[in-house]
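# Examination of the molecular architecture
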Amino acid sequence: MQPSTIQQSPIIQANSLTKRFGNLEVLKNITLQVWPGEFLAIVGPSGNGKSTLLHILGCIDRPTTGDVYIMSKNTNKLTDRQLAKLRNQTLGFVFQFFYMQPHLTIAKNIEIPLMPARISPTKRRKLVQNVAELVGITSQLQQKPSTLSGGQLQRAAIARAIINQPKAILADEPTDNLDTANGANIINLLLNIKNQQNTALIIVTHDQQIAHMADRIISLENGTLQNVKI
Ligand SMILES: Nc1ncnc2c1ncn2[C@@H]1O[C@H](COP(=O)(O)OP(=O)(O)OP(=O)(O)O)[C@@H](O)[C@H]1O
Ligand SMILES: [Mg+2]
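Quick look at the structure, then. Because the structure is a prediction, the values reported are computed rather than measured.

The rules behind these values
Residues numbered from 1 in each chain as written. Chains lettered and ligands numbered in written order. Predicted model: local features only at pLDDT ≥ 70, side-chain atom pairs only at ≥ 80, totals over all residues. Heavy atoms only, no water. Helix = DSSP H or I, 4+ residues; strand = E, 2+ residues; numbered from the N terminus. Polar contact = N/O pair within 3.5 Å; in protein donor to acceptor, adjacent residues only side chain to side chain. Near = heavy atom within 4 Å. Areas by Shrake-Rupley, 256 points an atom, 1.4 Å probe, with all protein chains shown as cover. Nonpolar A, V, L, I, M, F, W, Y, C, P; charged D, E, K, R; others polar. Expected span 1.5 Å × (residues − 1). Buried < 20%, exposed > 50% of the residue type's maximum accessible area, 1.4 Å probe, protein only. Contact = heavy atoms within 4.5 Å. Axes fitted to C-alpha atoms, helices over the stretch in contact; angles between N-to-C directions. Parallel < 35°, antiparallel > 145°, perpendicular 65-115°, else oblique. Left-handed = near helix turned anticlockwise from the far one by under 90°.

Turning our eyes to something else, we now look at the side chain of Thr205. Looking at where Thr205 falls in the secondary structure, it is placed in the loop between strand 8 (200–204) and helix 7 (208–211). Of note is the side chain of Thr205, whose polar atom sits 2.9 Å from the backbone nitrogen of Asp207.

Here it is in structure tokens:
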């Protein structure tokens, strides 16, 4: 999808990515742009590299060869510390298994991406309150993760992903562990955030219905990208 407005640059630009795990070549020469405000779905058979690609686009993992630019910055040229800062300021992650810290309250879990920034405790609480209201989990803020339902945990994970007002949210099978109704709620929540804040949304999914809500679908097969819907 080319952006309709003039002179936008991609949030994420990946050039000629490859990824090997030993002898296994998981990604072969992948080039991809993610534009502000677009909803991109990544589909494809199990074990074909979707999570690997998402982790590399989100700079959680590095490619074997190739470059990832985030907001026009070449991440290969950044130190781990600079990269962590850029990632924190620009990207939000939602995973299949929520990844909450079990010993922390939901409020503290949501605060985690704010940790590197110098923000006063009062401001932090306000920011947590705002995102908790947005996703509808204010009543659960003082609870521990083990006491929440799957849908509530995924809402909390979304609150954590958006607390830094990211330019892109990367979500790996965000509805896989939820029933149909809760899954639909989570997708609607992500779409509302995308529409209100012009956040790019990159969702890896097996769910055809979700994929067809996207502006663009790409399928990852044998390490290469096939456009399904542009
Ligand atoms: N850290 C790793 N070390 C070794 N091999 C890995 C590692 N991570 C992934 N792989 C392998 O890379 C391939 C792609 O894995 P990946 O998790 O990206 O697939 P996927 O498309 O997300 O699959 P699924 O739909 O089942 O989640 C698999 O064969 C997997 O075993
Ligand atoms: Mg996966």
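Okay, the site of ligand 1 next. Every residue lining ligand 1 is accounted for by Phe21, Leu24, Val26, Pro45, Ser46, Gly47, Asn48, Gly49, Lys50, Ser51, Thr52 and His206. Gly47 places a main-chain nitrogen or oxygen 2.7 Å from an oxygen atom of ligand 1. Starting from 640 Å² of accessible surface for ligand 1 in isolation, the protein chains cover 57%. Elements with a minimum of two residues in the shell around ligand 1: strand 2 (24–34) and helix 1 (50–57). Of the residues that constitute the shell around ligand 1, the class distribution is 4 nonpolar, 7 polar and 1 charged.

This part is about helix 6 (residues 180–197). In this model, helix 6 (18 residues) spans 26 Å end to end at C-alpha, consistent with the 26 Å of a helix rising 1.5 Å per residue. Of the positions making up helix 6, those classed as buried are Gly183, Ile186, Ile187, Leu189, Leu190, Leu191, Ile193 and Lys194. Those residues of helix 6 hidden inside the fold are in contact with strand 3 (39–43), helix 4 (121–135), helix 5 (150–162), strand 7 (168–172), strand 8 and helix 7. Immediately downstream of helix 6, the backbone of Asn198 shows phi near 55°, a positive value.

Another point: the packing of helix 5 against helix 6. Here helix 5 crosses helix 6 at 15°, and the two axes come no closer than 10 Å. Looking at the two axes, helix 5 sits roughly parallel to helix 6. For the element pair helix 5 and helix 6, the recorded crossing hand is right-handed. Each of Gly151, Gln154, Arg155, Ile158 and Ile162 in helix 5 lies in contact with helix 6, whose residues at this interface are Asn182, Asn185, Ile186, Leu189, Leu190 and Ile193. Residues belonging to the contact of helix 5 with helix 6 are distributed by class as follows: 6 nonpolar, 4 polar and 1 charged.

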